[in-house]
Amino acid sequence: MISLGCAKNLVDAEVMLGTLIKDGVEITNDAESADVLVVNTCSFIDSAQEESVDTILESAALRDQVNPGQALVVSGCLPQRFKAELPKLLPEVDVIMGIDQVAGVTELIRQAVEHRRAKMLSQGESSKAAKSKRSATSQKVKKQIAALDKHAGEHAHAEEQVLRGTTEFGQSRRAITASSTVSIPDSPIVDVANRPHYIPDYATPRFRLTPRHFAYVKIAEGCNHPCSFCIIPRMRGSHRSRSQADIVAEAKALIRDGVKELNLISQDSTYYGLDLQPDHRRSISSPDKFSARAKALPADATTLCTLIRELNALRGDFWIRLLYTHPAHWTDELIKTIADCRKVARYVDMPLQHIHEVMLERMRRETDRRYIEELITRIRAGIPGIALRTTFIVGFPGETDAMFDSLLGFIRTTKFERLGVFTYSHEDRTRAAGMARQVSDKVKQKRRELAMAEQHQVARAVSESFVGRTIRVLVEGEASARELQKANVSSWEHGLIRELDESSQRLKGRFLIARGEADAPDIDGRVYIRGDVPLGKFAKVKIVGHTDYDLIAEPV
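All residue numbers refer to position in the chain's written sequence, counted from 1. Two thresholds apply to this predicted model, a pLDDT of at least 70 for residue-level local features and 80 or more for giving and counting side-chain atom pairs, whereas whole-chain, interface and lining totals are computed over all residues. No hydrogens and no water enter the side-chain calculation; it runs on all heavy atoms of the structure.

K.L.:
Would you mind going over the pattern of salt bridges with me for this structure?
P.N.:
Where side chains of opposite charge bring their charged atoms close, a pairing between them can arise. Here a salt bridge means any side-chain nitrogen of Lys or Arg lying within 4 Å of a carboxyl oxygen belonging to Asp or Glu. Tallying each qualifying case throughout the model produces 35 salt bridges. As a salt-bridge pair, Asp-548 and Arg-460 come within 2.1 Å of each other at their nearest N and O atoms. Residue Asp-548 is found in the loop between β19 (538-546) and β20 (551-555), and its partner Arg-460 is found in helix α15 (residues 441-465); the two are separated by 88 residues along the sequence. The class for Asp-548 is buried, based on a relative accessible area of 10%. Between Arg-530 and Glu-554 there is a salt bridge whose closest N-O contact spans 3.2 Å. With a gap of 24 residues between them, Arg-530 in the loop between β18 (527-529) and β19 and Glu-554 in strand β20 connect regions that are remote in the sequence. Among the residues examined, Arg-530 registers a relative accessible area of 39% and is labelled partly exposed. Segments assigned H or I by DSSP are reported as helices when at least four residues long, segments assigned E as strands when at least two residues long, and all are numbered from the N terminus. Relative accessibility under 20% of the residue-type maximum defines a buried residue, over 50% an exposed one, and the middle range a partly exposed one, all with a 1.4 Å probe and only protein chains included.

K.L.:
Got a minute to help me understand α15 in this structure?
P.N.:
Between its first and last C-alpha, α15 extends 36 Å over 25 residues, near the 36 Å set by a 1.5 Å rise per residue. The complete set of buried residues in α15 reads Lys-444, Arg-447, Arg-448, Ala-451, Met-452, Glu-454, Gln-455, Val-458, Ala-459, Val-462 and Ser-463. Contact criterion: two residues are considered in contact whenever any of their non-hydrogen atoms come within 4.5 Å of each other. Residues of α15 that are buried make contact with β14 (387-394), α14 (401-414), β15 (418-423), β19 and β20. Expected span, for any helix, means 1.5 Å times one less than how many residues it has.

K.L.:
How should the state of the cysteines be read in this particular structure?
P.N.:
What we call a disulfide is simply a covalent bond connecting the sulfur atoms of a pair of cysteines. Cysteine sulfur atoms are paired as a disulfide whenever they come within 2.5 Å of each other. Counted by the stated rule, this structure contains 0 disulfides. No disulfide involves Cys-6; its sulfur sits 6.0 Å from that of Cys-42, the nearest cysteine. A relative accessible area of 12% means that Cys-6 is categorised as buried. Here Cys-77 stays free of any disulfide, with the sulfur of Cys-42 as its closest cysteine sulfur at 5.5 Å.

K.L.:
Explanation requested: the nonpolar core in the structure shown.
P.N.:
Considering soluble globular proteins, one finds that nonpolar side chains tend to be buried as a cluster. Ranked by internal contacts, the top residues of the largest apolar core, which has 55 residues, are Ile-219, Trp-330 and Ile-379. With 28 residues, the next largest nonpolar core counts Val-15, Val-105, Tyr-198 and Phe-214 among its residues. Residues grouped as a nonpolar core are buried Ala, Val, Leu, Ile, Met, Phe, Trp, Tyr and Cys residues, joined through side-chain atoms within 4.5 Å.

K.L.:
Explanation requested: the side chain of Asn-67 in the structure shown.
P.N.:
In this structure, Asn-67 sits in the loop between α2 (46-66) and β3 (71-76). Take Asn-67: its relative accessible area is 18%, and that puts it in the buried class. Beyond its immediate stretch of four places on either side in the chain, Asn-67 contacts Glu-32, Ser-33, Ala-34 and Leu-62.

K.L.:
Is there a simple way to think about the environment of Ile-543 in this case?
P.N.:
With respect to the helices and strands, Ile-543 occurs in strand β19. If we skip the residues at most four places from it in the chain, Ile-543 touches Phe-466, Val-467, Gly-468, Arg-469, Ile-471, Val-527, Leu-551, Ile-552 and Ala-553.

K.L.:
Please explain the sheet that holds strand β13 (residues 347-349) as it appears in this structure.
P.N.:
Strands belonging to one sheet form pairs held by backbone hydrogen bonds; the direction of such a pair is parallel or antiparallel. Pairs of strands are assigned from DSSP output, requiring at least two bridges between the strands. Overall, parallel pairing links the 3 strands, which are arranged β13-β14-β15 in an open sheet. Edge positions in the open sheet fall to β13 and β15, since each of these has one partner strand only. Averaged over all pairs of adjacent strands, the angle between their axes in this sheet comes to 15 degrees, without regard to strand direction. Taken together, the 6 bridges between β14 and β15 define a ladder with parallel strand orientation. The partner of Thr-390 across the bridge, within β15, is Leu-419. Angular values range over 0 to 180 degrees, each being the angle between N-to-C directions of two axes fitted as lines to C-alpha atoms, with helices fitted over their stretch in contact. Along the sheet face, α15 touches β14 and β15 and points at about 175 degrees away from the line of β15.

K.L.:
Just checking my understanding: could you explain the pairing of strand β17 (residues 512-515) for this structure?
P.N.:
As a general feature of sheets, a regular strand has side chains that alternate between the two faces. Residues of β17 alternate between two faces, with Leu-512 and Ala-514 on one and Ile-513 and Arg-515 on the opposite face, all of them buried. Bridge count for strand β16 (residues 470-478) against β17 is 4 bridges, and the pairing is antiparallel. Bridge pairing links Val-475 to Ala-514 in β17. Sheet topology note: the β17/β18 ladder contains 3 bridges and is antiparallel. Opposite Ala-514, over in β18, you have Val-527 as the bridge partner.

K.L.:
Would you mind going over the environment of Gly-545 with me for this structure?
P.N.:
By secondary structure assignment, the location of Gly-545 is in strand β19. By relative accessible area, which is 5% here, Gly-545 ends up buried. Separated by 77 residues in the primary sequence, Gly-545 and Gly-468 have C-alpha atoms spaced 8.2 Å apart.

K.L.:
Would you mind going over unusual backbone geometry with me for this structure?
P.N.:
As a rule of thumb, non-glycine residues mostly have phi less than zero, and peptide bonds are mostly trans rather than cis. For Arg-429, which is not glycine, the phi dihedral falls at a positive 70 degrees. Along the polypeptide, Arg-429 turns up in the loop between β15 and α15. Not every positive phi belongs to a glycine, and Arg-437 is a case in point at roughly 60 degrees. Relative to the helices and strands, Arg-437 resides in the loop between β15 and α15. Overall, Arg-437 belongs to the exposed group, its relative accessible area being 54%.

K.L.:
How should the packing of helix α8 (residues 244-256) against helix α10 (residues 304-312) be read in this particular structure?
P.N.:
Two quantities define a packed helix pair, namely the angle between the axes and the distance from one axis to the other. Where α8 meets α10, the axes come as close as 10 Å, and the angle between the chain directions of the two elements is 30 degrees. With respect to their mutual orientation, α8 and α10 come out roughly parallel. Considering only the axes of α8 and α10, their crossing is right-handed. Listed contacts from α10 to Gln-244, Ile-247, Val-248 and Ala-251 of α8 are Thr-306, Leu-307, Glu-310 and Leu-311. Of the residues assigned to the contact of α8 with α10, the class counts are 5 nonpolar, 2 polar and 1 charged. Throughout, the term roughly parallel applies to angles under 35 degrees, roughly antiparallel to angles over 145, roughly perpendicular to angles from 65 to 115, and oblique to all others. Definitions for this section: a left-handed crossing has its near helix turned counterclockwise from the far helix by less than a right angle. A right-handed crossing has that turn clockwise. Classes in brief: Ala, Val, Leu, Ile, Met, Phe, Trp, Tyr, Cys and Pro nonpolar; Asp, Glu, Lys and Arg charged; the others, Gly included, polar.

Structure below.
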């Protein structure tokens, strides 16, 4: 299995692998010899979609060369978004499955094997012949697409979607869903729900893909927010929370298994539990409506606060990390809960996307500048030592130089401990895609560079402030020579986090990699320890130096 995208998608991959193992399927790390290859895809923004498309096509090409009988399955967000188009775009695939089918993956795997076997027998082709035929089909499709592009006005009634690729497989593939004349034999088997409702529970088998010392705990799925740039509600469905007892049962099992960090994830973790109320209404996304609803809840209602407090009371030495919070759903009770619960890492992941009033309104973020500034003040005052992570979108339709300058000023004065920047990604079927005054790619890129340059100064000052302090870290493992040379991390999900850090050249010799409370897995900074401490456990270290985004430490 190749799993792409966010941690939420990774949990789905873990559930699929756990289910397959329970049903007697052997998992192999050798993709070339596997009977079936599953590509678990992402389709959130351009770069994630491109990676998914390229991975599928590269896997199919490798299959043709070394193992032509191998079945290919595509799962995740790409099928949810393009279920009608994918069979035409990707005849190489045997099964296309959606999110609701995660727990039923074993049967779909078996269908994929039979489909591939039947296709090979019916075509009677060698690997070389199959590849040649596929290439010819691809050329035919490309010619038809070129003709449609040339006469776009004649086909204005057709609904079009673009899948972008970045490698030699081409920059785009287009499916015409309403008036396609492309006929592809032996189409993939498609099993995708229009609007998913699945959410895993504790009884669902799971094979963890993270290191033994940390895990992701999906507390909810889906999203109710109307953000104009985002496709997630269409792909993942409405917000749906797991029961608190079910999450706690999973947490207990993970702690018994040696997990030292529980990363709570969902599309909007701060909305957790609201949908479990019998009279729940989806239209409570704004701060005022959410706050009023939260205050009116019965005393025994399930909320993020009740979940955090019960997890904090569990026996064991571990961190609880809260990821993917929405600014509209923070309450004073949540601030107090985090402050009271010492096992909760002093870290908040809260994407703001912008600060200018016009941009926030056009993005349909349900918050304004005054509310955001007051919320940040309340969080920092209520939770001493908190590290704030956020992300911003630059180049959104209608963003002027003045609006962007206001964002730069906000970054400069607020001094976020962790910050990432996206360039706006034009996503079909979103409200923002049809907005006037789209910003050019050149301007988007320039603005991203300027925003990251502003944050670079903040980041250096934050790193420098740690020198001389003793902090508690979770030790990950030994740093490779490549990691020491680059010492950089980037994540499409959290925007561009770090650039190549010239000062990281001081990291020479043997170092261990660790993370402090202010550093989430894979997306934030690292603590490089010069010396020996136990792996996969907590340790106290003294900070003796820093790079732009990382800390250098020695054991206490």
